[in-house]
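Observations on chain architecture
Chain by chain, the residues run as shown.
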Amino acid sequence: MSAGIKAARGEIIILQDADLEYNPEDYKKLLEPIEDNLADVVYGARFMTNKKKTSYFLHFVANRILTLITNILFKSNLNDMETGYKIFRKDIFEQLQIKATGFNFEPEFTAKLLKQKIEIFEVPITFNPRNYSQGKKIKFIDAIEAIWTLIKVRLMKPK
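Report follows, based on the coordinates.

Quick notes on the rules
- Residues numbered from 1 in each chain as written.
- Predicted model: local features only at pLDDT ≥ 70, side-chain atom pairs only at ≥ 80, totals over all residues.
- Heavy atoms only, no water.
- Patch = residues over 30% accessible without salt bridge, like charges linked within 9 Å, V, L, I, M, F, W, Y side chains within 5 Å.
- Areas by Shrake-Rupley, 256 points an atom, 1.4 Å probe, with all protein chains shown as cover.
- Salt bridge = Lys/Arg side-chain N within 4 Å of Asp/Glu carboxyl O.
- Helix = DSSP H or I, 4+ residues; strand = E, 2+ residues; numbered from the N terminus.
- Buried < 20%, exposed > 50% of the residue type's maximum accessible area, 1.4 Å probe, protein only.

1. Concerning a nonpolar patch on the surface
A cluster of nonpolar residues, I12, I14 and Y27, forms a patch on the protein surface that exposes about 200 Å² of accessible area. Within the secondary structure, Y27 is located in helix α2 (residues 27-35).

Take a look at the structure:
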């Protein structure tokens, strides 16, 4: 992922999970806060609508717990830390020095943003969850790694 972002020529990066759960028609509303100079980072929040869809109850609970841990550790107020829909200015990403290459990208990226006091703007998005028979890959161990990543970044000394 980092190689793709480094190769990008534009000033704004859109990250979208490739698992078909997110709707590209949401790009416009995700871009608006950046275009209006209200934000440098925008997350598409799956749970800000009345339609709180999830393919598995435990995934929903795990997401809420991970978001709560993030909010406690970094004194933030996010709705959806683990979203696979993020838009940000490329220069912001470059200063974070992300090392993650898998599912721990979300917690590392989010934690490093919050640690540097970079505000994350959230907008509601369309979300159509998949199940394991449709190719979903996330597992329980990924939640443990996410918690460890959040704690590690929180305890890191500033450079």
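2. Some details on the pattern of salt bridges
Evaluated as defined, the whole model comprises seven salt bridges. Put simply, E32 and K28 hold a salt bridge, and the shortest N to O gap is 3.3 Å. Taken together, the residues span about one helical turn, with E32 and K28 both in helix α2 at a distance of four residues. For E32, a relative accessible area of 32% puts it in the partly exposed group.

3. Considerations on unusual backbone geometry
Positive phi, normally seen in glycine, also occurs at K75, with a value near 50 degrees. For K75, the location among the structural elements is in the loop between α3 (57-74) and β3 (85-89). Look at K75 and you get exposed, because its relative accessible area is 78%. Positive phi, normally seen in glycine, also occurs at K117, with a value near 60 degrees. Note that K117 resides in the loop between α5 (105-115) and β4 (121-124). Judged by relative accessible area, which is 73%, K117 ranks as exposed.

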